[in-house]
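A closer look at the structure
What follows is each chain in one-letter form.
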Number of protein chains: 2
Amino acid sequence: MEQVQSQTVFSGPFVDVAMRRYRRADGSEVERQVIEHPGSVGIVAHDEAFVYLVRQPREAVGEDGLLEIPAGALDVAGESELECAKRELGEEVGLAAEHWSLLHEIYASPGFLDEKLTLFEATGLSPIQAESDAEEQIEIVRLPLAEVGSVLAEIRDAKTLVGLLLLLRLDGAAQRA
Amino acid sequence: MEQVQSQTVFSGPFVDVAMRRYRRADGSEVERQVIEHPGSVGIVAHDEAFVYLVRQPREAVGEDGLLEIPAGALDVAGESELECAKRELGEEVGLAAEHWSLLHEIYASPGFLDEKLTLFEATGLSPIQAESDAEEQIEIVRLPLAEVGSVLAEIRDAKTLVGLLLLLRLDGAAQRA
């Protein structure tokens, strides 16, 4: 498809809204209201015993303490996905990681939101001192790997569910090898 | 937390944008820009041999043919999640299902989007005639269950990845039982 027109109809502090026209391969044109997001990252950070999660208020969905993997938006100009992931892992859980690998790329809600989320696996962890955002109220949750399967039913955040389910598959494959 | 104020700052054909103020348990107040979405459903429809997916253009993320589970927004007034799921399964893949069970509820992007997505498992499938939306260009993809694991790397849609990974876990548990 080809984007033939885009008009910003709302500009906010975090996302914009655009009305866009696209021409499809068959020549037909469609109009879409698109929420423009800078993209984001999520980190499945673990050692042999634990995976490191955060619990934080998520006002938009009415949750006082949503359990998630460390994550953040690509809202620093010029910062790559990996640089953003390293910064967020430091800020949110106070860890650095020696080994980083791309786990998956996902679209949060591809019908109307252009947010692409890049998931990393981070291992070889060590504690660091890092600046944290004062407005964020983040509790670090060190979850034993053996309990990941049993907490899945409680997980509501899509990226976290994807990250933990992929971790269980990797872990299962490793145990079968 | 308590929502103390909400002001619609943009109203579109599909989603609205609101600036909201919340009072947290400790008395502090925070302001959030929230994308207001009616909620949505996704359906993991399968029999003993196949899971039924759709491939469709997703202009917002620049994809000509994104592979997804059948899904749709709760955009019909008064319709429940289950009724919406039954309608979408008919419209998108021409199937009715005898058995429905709740698989999971997920938030697509809980930092700023209030979309809650309800995932169902649907079994006992039979073909039906159903109205389809003329503007939607949907190709039905009948994926052998044995191939689900190997197509995961191709899946970019978050709800579809969650649905298929949960199906693999259910299937694995059934095979071990």
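Residues numbered from 1 in each chain as written. Chains lettered and ligands numbered in written order. Predicted model: local features only at pLDDT ≥ 70, side-chain atom pairs only at ≥ 80, totals over all residues. Heavy atoms only, no water.

Quick look at the confidence of the model for chain A now. Overall, the predicted model of chain A reaches an average pLDDT of 93, with 98% of residues at or above 70. As a predicted assembly, this complex carries a pTM of 0.95 together with an ipTM value of 0.94. (pLDDT = per-residue confidence, 0-100.)

Before going further, it helps to examine the sheet that holds strand β2 (residues 16–23) of chain B. Residue and element names in this part refer to chain B. A sheet is described by the order of its strands in space; here three strands give the open sequence β1-β2-β3, paired in antiparallel fashion. Either end of the sheet is taken by a strand with one partner, and the two such strands are β1 (2–11) and β3 (29–36). Ignoring strand direction, the axes of neighbouring strands in this sheet form an average angle of 20°. (Pairing = 2+ DSSP bridges. Helix = DSSP H or I, 4+ residues; strand = E, 2+ residues; numbered from the N terminus. Axes fitted to C-alpha atoms, helices over the stretch in contact; angles between N-to-C directions.)

Residues and elements named next belong to chain A. Compared with the 18 Å implied by 1.5 Å per residue over 13 residues, the 18 Å span of helix α1 (residues 81–93) between its first and last C-alpha is a close match. Restricting attention to buried positions, one finds in α1 the residues Cys84, Ala85, Glu88, Leu89, Gly90, Glu92 and Val93. The elements touched by buried residues of α1 are β4 (40–45), β5 (50–58), β7 (71–73), β8 (95–107), β9 (116–127) and β10 (139–144). Of the residues trailing α1, Gly94 is marked for its positive phi of about 65°. (Expected span 1.5 Å × (residues − 1). Buried < 20%, exposed > 50% of the residue type's maximum accessible area, 1.4 Å probe, protein only. Contact = heavy atoms within 4.5 Å.)

Going through the model one piece at a time under the given rule, you end up with 30 salt bridges over all chains. Arg20(B) serves as the salt-bridge partner of Glu36(B), at 2.7 Å between the closest nitrogen and oxygen. Pair noted here: Glu36(B) is in strand β3 and Arg20(B) is in strand β2, with a separation of 16 residues, a long-range link. Between Glu68(B) and Arg58(B) there is a salt bridge; the shortest N-O distance is 2.7 Å. Taken together, the positions of Glu68(B) in strand β6 (residues 63–68) and Arg58(B) in strand β5 (residues 50–58) put the pair 10 residues apart, joining distant regions of the chain. The same class applies to Glu68(B) and to Arg58(B), which are both buried. Through salt bridges that share partners, Asp75(A), Glu79(A), Arg87(A), Glu88(A) and Glu91(A) make up one connected network. (Salt bridge = Lys/Arg side-chain N within 4 Å of Asp/Glu carboxyl O.)

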